Structure formats: structure tokens, C-alpha cells
Amino acid sequence: MPTPLPFPPKILAALAVVALAGCQPSTPRPVPSVPQIGADLKCAAGDHGYEDPQTGWGFCYPGTWKYIERAQSSSSPPGLDLTFDVTYAPATPQPCRSPSPVPSGEPKPASGSCSGQFAFMIISTYERGSTPDLQSWISANLKPGQEMTAISWGNAVQAGQLTDGRRVALTPHHIVILDLHSGLLDLETEMSARLGTWKFSF
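Residues numbered from 1 in each chain as written. Predicted model: local features only at pLDDT ≥ 70, side-chain atom pairs only at ≥ 80, totals over all residues. Heavy atoms only, no water.

**Examining helix α2 (residues 134-141)**
Turning to α2, its buried residues number three or more, namely Leu-134, Trp-137 and Ile-138. Down the axis, α2 shows its buried residues gathered within 100° of arc, on one side only. When the buried face of α2 is taken as reference, the exposed residues oriented beyond 90 degrees from it are Ser-139 and Ala-140. For α2, the elements touching its buried residues are β5 (118-127), β6 (148-150), β7 (158-162), β8 (167-170) and β9 (174-181). (Buried < 20%, exposed > 50% of the residue type's maximum accessible area, 1.4 Å probe, protein only. Helix = DSSP H or I, 4+ residues; strand = E, 2+ residues; numbered from the N terminus. Arc of directions from axis to C-beta. Contact = heavy atoms within 4.5 Å.)

**Points about the environment of Ile-138**
Considering the arrangement of structural elements, one finds Ile-138 in helix α2. Residue Ile-138 is classed as buried on the basis of its relative accessible area of 1%. Between the C-alpha atoms of Ile-138 and Met-148, which are 10 residues apart in sequence, the distance is 8.8 Å. Leave out the neighbours within four places in its chain, and Ile-138 touches Gln-146, Met-148 and Leu-162.

**Quick notes on the pairing of β8**
Of the two faces of β8, both are covered, the one formed by Arg-167 and Ala-169 as well as the one formed by Val-168 and Leu-170. When β7 meets β8, the two strands line up antiparallel, connected through 4 bridges. Among the inter-strand pairings, Ala-159 is bridged to a residue of β8, identified as Ala-169. The antiparallel hairpin formed by β7 and β8 contains 4 residues in its connecting segment, where Gly-165 sits at a positive phi of about 100°. Summarising the sheet, β8 and β9 pair through 4 bridges and their orientation is antiparallel. (Pairing = 2+ DSSP bridges.)

**Overview of the environment of Gly-196**
Examined against the element boundaries, Gly-196 turns out to sit in the loop between α3 (187-192) and β10 (199-200). By relative accessible area, Gly-196 is classed as exposed at 67%. In sequence terms Gly-196 and Trp-153 are 43 residues apart; their C-alpha atoms lie 5.7 Å from each other.

**Here's the deal with the nonpolar core**
Counting 26 residues, the largest nonpolar core has Trp-57, Phe-59, Met-121, Trp-153 and Trp-198 as the members making the most contacts within it. When contributions to this core are tallied by element, the ones reaching two or more residues are β2 (57-62), β4 (78-88), β5, β9 and α3. Those residues in contact with Trp-57 that sit more than four places away from it in its chain are Tyr-50, Glu-51, Asp-52, Leu-82, Phe-84, Ile-123, Thr-125, Val-176, Trp-198, Lys-199, Phe-200 and Ser-201. Counting 10 residues, the second-largest nonpolar core is a separate cluster that includes Tyr-126, Leu-162, Leu-170 and Ile-177. (Core = buried A, V, L, I, M, F, W, Y, C linked by side-chain atoms within 4.5 Å.)

**With respect to the sheet that holds β7**
Note: strands within a sheet are paired through backbone hydrogen bonds, in either parallel or antiparallel orientation. Strand order in the open sheet formed by 7 strands is β3-β4-β5-β9-β8-β7-β6, and the pairing between neighbours is antiparallel. Edge positions in the sheet fall to β3 (65-75) and β6, since each of these pairs with one other strand and no more. For this sheet the average axis-to-axis angle between neighbouring strands, irrespective of direction, equals 20°. Pairing geometry for β4 and β5, over 9 bridges, is antiparallel. Considered in β5, the bridge of Phe-84 is made with Met-121. Across the sheet, α2 lies against β5, β6, β7, β8 and β9, angled at about 45° from β7, the strand it touches most. (Axes fitted to C-alpha atoms, helices over the stretch in contact; angles between N-to-C directions.)

**Focus: the confidence of the model for the protein**
Of the residues in the protein, 72% reach a pLDDT of 70 or more, and the chain-wide mean stands at 80. For the protein, per-element mean pLDDT is lowest for helix α1 (residues 9-23), which scores 47, and highest for β8, which scores 98. Counting contacts from residues 1-7, a segment whose pLDDT is below 50, to residues more than four positions away or on other chains yields 1 contact. The model gives residues 9-37 a pLDDT under 50, and that stretch makes 4 contacts with residues more than four places away or in other chains. (pLDDT = per-residue confidence, 0-100.)

**Structural notes on the sheet that holds strand β1 (residues 47-52)**
If you walk across this open sheet you meet the 3 strands as β1-β2-β10, and the pairing is antiparallel. For this open sheet the edge positions go to β1 and β10, each flanked by a neighbour on one side alone. Direction of pairing for β1 relative to β2: antiparallel, over a ladder of 6 bridges. Within the sheet, the bridge partner assigned to Asp-52 lies in β2 and is Trp-57.

Here it is as C-alpha cells:
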């Protein structure tokens with residue numbers, strides 16, 4: 001019987017490495033325990049999503065915004081206030097243009113945002129409790145004389161805008177108040193255009 005031909009040492013070493021690799025136990029990739037913020041929101045191109053699982057809501061905002069978020073509990077009524085210090089920070093900052101003179105009697109055109117302009121907003125979340133409707137909660141918890149105009153706000157059960165500009169939403173378990181404080185940055189225009197992107201999860 002003929003003697004088998006010997007394998008070159010390099011081929012034997014390569015076969016050993018392949019065999020050892022095949023015996024290694026396969027471990028699944030770790031899955032992040034925290035869902036990506038705003039991943040399930042349907043935001044327009046260029047917008048970003050913000051979602052807070054604790055408060056049960058999320059929304060889209062311009063991708064040119066940067067924000068610092070602060071949380072503070074409130075006692076009357078009991079709930080949670082989230083404050084967002086918003087700054088306009090485009091990827092390629094442009095210097096602000098000097099406004100063109102407007103002839104007297106003509107409306108002044110809206111000015112665009114300039115890099116570094118800022119404003120802030122407060123989004124408050126309260127337990128709904130046994131409140132049957134939005135007007136009942138407003139009457140019991142806000143200053144008297146606050147009239148409400150019904151609005152559409154995401155998937156809220158009911159929503160309205162108060163005479164002072166704040167927006168109030170009734171969800172199955174919460175009351176949410178959006179209080180915009182436009183500074184040099186016009187939050188009102190940007191956020192009112194995105195009310196339909198809000199998602200109230202409970």
C-alpha cells in the first residue's frame with residue numbers, strides 16, 4: 001500500500017485554525033436595552049425625533065436644533081416638568097444678514113433664524129386621574145378664566161389652546177401642557193407646524 005503524501009505545514013496550520021474557529025461558541029449580539037429615541041416617530045426629512053418613555057409622548061423637531069433638557073417635579077398639580085433650552089445650530093453656520101429697509105405701510109417680512117439664536121419650552125405631564133374631559137381638568141387645576149379653543153394635536157383624545165398660548169392635551173392617562181417661550185428663535189412657528197407628529201403612548 002502506497003504511503004499518503006504529506007501535507008505542507010502551512011496548509012495544516014490553516015486547517016487547524018479553521019477547525020478551531022468552527023468550534024467556538026457563537027454568542028448573539030447584545031440588543032440595546034433602551035430603544036432608540038424617536039425611532040417610531042414619522043419625522044420629515046431633516047427633522048429629528050424626541051421620545052420620552054417615562055412621560056409617554058414624543059414629537060419631531062428641526063434637525064438644526066440642539067437642546068439641553070432639565071427635569072423637575074411639580075407638586076400642584078403633581079407631575080413632571082421637562083424644560084428644553086433650544087439653540088439654533090445649523091451644520092454650516094451662516095452670518096445673519098442685516099434686515100432690508102421696508103417702505104412705510106408695508107408688512108415686515110419674517111426673518112430667518114441665525115446661528116446661536118435660542119429660546120426655551122416647558123412640557124409638563126400630569127396624571128389624568130378620574131378627570132372626564134379636558135375642560136374639567138383645566139377648570140380644576142389652572143387659573144380661573146382660562147378659555148380653550150379646540151385644536152388637533154397628534155393622537156390626543158382631546159386638545160386645546162388656552163388664551164395665554166399654552167396647548168393642553170388629554171390622553172388616556174395624562175394631561176400634557178406645551179408652553180413655548182420664543183426668544184430670538186421662533187419656536188411657535190416651528191412647533192405648531194409639527195403638532196401632527198406628536199405621539200401620546202399612554
